[in-house]
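What follows is the residue order along each chain.
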Amino acid sequence: FVRRKGFASNQRRYSVKWWEKEPLRFECQPDCFKCCTKPGIVHFDREDIRNAADYLGIPLAEFKKAFLIRDDGEWVLEVGEDGAPCSFLTDKGCGIHEGKPKQCQSYPFWRENMDSKNMWKLVGGVCPGIDIGPMIKIDTIKSFLKKFRY
């Protein structure tokens, strides 16, 4: 951050992100599901657990027991263990699409993917929807980044 003349020491100037200077395009591609097969961890907060369990029509405790593990105080779903895709991936896509967690809703607009243009391009090597489709509004990107805190 750069301090501007006349600003108190506790006031900082907003630093514009690279993706605020140039338009980003993104659109999920039909029958892709690559993001659902990448090894990693999917975080579920209370709301995510409730939404997914409700969508599946099962009690919260049963959902947690069947799909999640506790990791450092957080509920998570491990994806890619032994090459397995997400537990909810079906041949038609996400089996809990309407109840999927914020992390999945916000992909590929994760902080780690938005850190630099080079990282965005690197993710584009895995995700065919990057740089395709409509321009994504800056407010939409900010909303995704705020929604998914990891």
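Read on for a plain summary of the structure.

This paragraph deals with the overall build of the chain. Looking only at helices and strands, the chain has seven helices and seven strands in total. In sequence order, the chain lays out its α and β elements as α-β-β-α-α-β-β-β-β-α-α-α-β-α. When burial is assessed residue by residue, the chain has 30% of its 150 residues classed as buried. Considering only residue pairs separated by 6 or more positions, the chain has 67% of its internal contacts joining residues 24 or more positions apart. Seen as two clouds, the 26 positive and the 21 negative side-chain charges of the chain have centres 11 Å apart.

Turning to helix 2 (residues 46-56), a few remarks are in order. Buried within helix 2 we find Asp48, Ile49, Ala52 and Ala53. The buried side chains of helix 2 occupy one side of the element, clustering within an arc of 120 degrees when seen end-on. Seen from the open side of helix 2, the exposed residues pointing more than 90 degrees away from its buried face are Arg46 and Asp54. Those residues of helix 2 that are buried lie in contact with strand 2 (40-44), helix 3 (60-67), strand 4 (74-79) and helix 4 (102-106).

All right, on to the nonpolar core then. Counting 17 residues, the largest nonpolar core has Trp19, Leu24, Phe109, Met114, Trp120 and Ile141 as the members making the most contacts within it. In terms of residue count, helix 7 (residues 138-147) provides more of this core than any other element does, three residues in total. One finds Cys36, Val42, Leu77 and Val79 within the second-largest nonpolar core, a separate group that totals 13 residues.

On to the packing of aromatic side chains. Taken as a whole and judged by the stated rule, the model has eight aromatic pairs. Each ring, one from Phe63 and one from Phe88, has its centre 5.9 Å from the other, and the planes form 5 degrees; the classification is stacked. Note that Phe63 is positioned in helix 3 and Phe88 in the loop between strand 4 and strand 5 (89-90), a separation of 25 residues in sequence. We classify Phe88 as buried; its relative accessible area is 7%. Between Phe109 and Trp120 the ring centres are 5.4 Å apart and the planes differ by 25 degrees, which places this aromatic pair in the stacked class. In this pair, Phe109 sits in the loop between helix 4 and helix 5 (111-114) while Trp120 sits in helix 6 (residues 117-124), placing the two residues eleven residues apart along the sequence. Residues Phe109 and Trp120 agree in their burial class; the two are buried. In textbook terms, an aromatic cluster arises when at least three aromatic residues are bridged by ring pairs, as seen for Phe26, Phe109, Trp120 and Phe144.

Rules used in this analysis
- Residues numbered from 1 in each chain as written.
- Predicted model: local features only at pLDDT ≥ 70, side-chain atom pairs only at ≥ 80, totals over all residues.
- Heavy atoms only, no water.
- Helix = DSSP H or I, 4+ residues; strand = E, 2+ residues; numbered from the N terminus.
- Buried < 20%, exposed > 50% of the residue type's maximum accessible area, 1.4 Å probe, protein only.
- Contact = heavy atoms within 4.5 Å.
- Lys, Arg positive; Asp, Glu negative; His and termini not counted.
- Charge placed at Lys NZ, Arg CZ, Asp CG, Glu CD.
- Arc of directions from axis to C-beta.
- Core = buried A, V, L, I, M, F, W, Y, C linked by side-chain atoms within 4.5 Å.
- Phe/Tyr/Trp six-rings, centres within 6.5 Å; stacked < 30°, edge-to-face > 60°.

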